[in-house]
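# Results of the structural survey
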Amino acid sequence: MANHAQGDAPSLGRQIIEIAIMVLLVIGCYFGLRFFVVGTYEIPSSSMEETIQVGDRVFSEKISYYSRQPERGEIITFDDPLKEEQTLIKRVIAVAGDEVDLRDGKVYVNGEELVEPYTQGKPSYELDPAPGVKIEYPYTIPRGYLWMMGDNRTNSADSRYFGAIPVTAVSGHANVIYWPLDHIGTLD
């Protein structure tokens, strides 16, 4: 007499457990990617125009800064030093040890005038700093800090307003506009 094995179909309870595990894995992967690999941001202001427009959505990858510090010229996302739970996006102009000066609407780093085609020729004047912030030019960037400026220099509250930001506030390297479709491209 032959042994009749039950079918290979798992029980209903086992199927529910497998589906629950799969859902948890997908959710875990999603949050793992968002927390450790890439963030997505919608641009709310014109401070980075013409490079990034209001309403553009960007990817900000986090991996490169696990092994190195942000560099001059990179566009990064970082925690707003004046408003909790708000993220800003600006360009790194100077790093620790650099000296920033603003003269006649031009930016100088370590005595050299920056060539900044991304500003569309807009001048870079001093701003009245935020309450409690003191900035005197030339300004030397402290160790562990970055000097950030928006590309739209006449409409950007940046390090001229809130001072240098700590490197620990950096959340990622913004490198791709992914929406809207007619703006898709890499950021320089």
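Everything that follows concerns the structure shown earlier in this document.
Please read these numbers as outputs of a predicted model, since none were measured by experiment.

Criteria and thresholds
Residues numbered from 1 in each chain as written. Predicted model: local features only at pLDDT ≥ 70, side-chain atom pairs only at ≥ 80, totals over all residues. Heavy atoms only, no water. Core = buried A, V, L, I, M, F, W, Y, C linked by side-chain atoms within 4.5 Å. Buried < 20%, exposed > 50% of the residue type's maximum accessible area, 1.4 Å probe, protein only. Helix = DSSP H or I, 4+ residues; strand = E, 2+ residues; numbered from the N terminus. Contact = heavy atoms within 4.5 Å. Pairing = 2+ DSSP bridges. Phe/Tyr/Trp six-rings, centres within 6.5 Å; stacked < 30°, edge-to-face > 60°. Lys NZ or Arg CZ within 6 Å of the ring centre and 35° of its normal.

Ranked by internal contacts, the top residues of the largest apolar core, which has 14 residues, are I93, Y139, I141 and W147. Of all elements in the fold, only β4 (87-95), β5 (99-103), β6 (106-109) and β9 (145-149) reach the threshold of two or more residues within this core. Discounting chain neighbours no more than four positions away, the residues touching I93 are R72, V107, V109, L114, E116, Y118, W147, M149 and R153. In this structure, I76, V92, V95 and V170 belong to the second largest nonpolar core, which totals 12 residues.

Turning our attention to the pairing of strand β2 (residues 57-61). Sheet faces and side chains relate simply in a regular strand, where the side chains alternate between the two faces. Bridging between strand β1 (residues 38-42) and β2 involves 5 bridges; their strand directions are antiparallel. Paired with G39 across the bridge in β2 is S60. In the sheet, β2 pairs with strand β11 (residues 170-179) via 5 bridges, with the strands oriented antiparallel. Across the sheet, F59 pairs through a bridge with V176, a residue of β11.

Turning our attention to the packing of aromatic side chains. One pass over the full model with this rule turns up 4 aromatic pairs. Arranged with centres 5.1 Å apart and planes meeting at 45 degrees, the rings of Y139 and W147 form a pair that is tilted. Ring pairs connect the aromatic residues Y137, Y139 and W147, which therefore count as one cluster. The positively charged end of R103 is found above the aromatic ring belonging to Y108, 3.7 Å away from the centroid.

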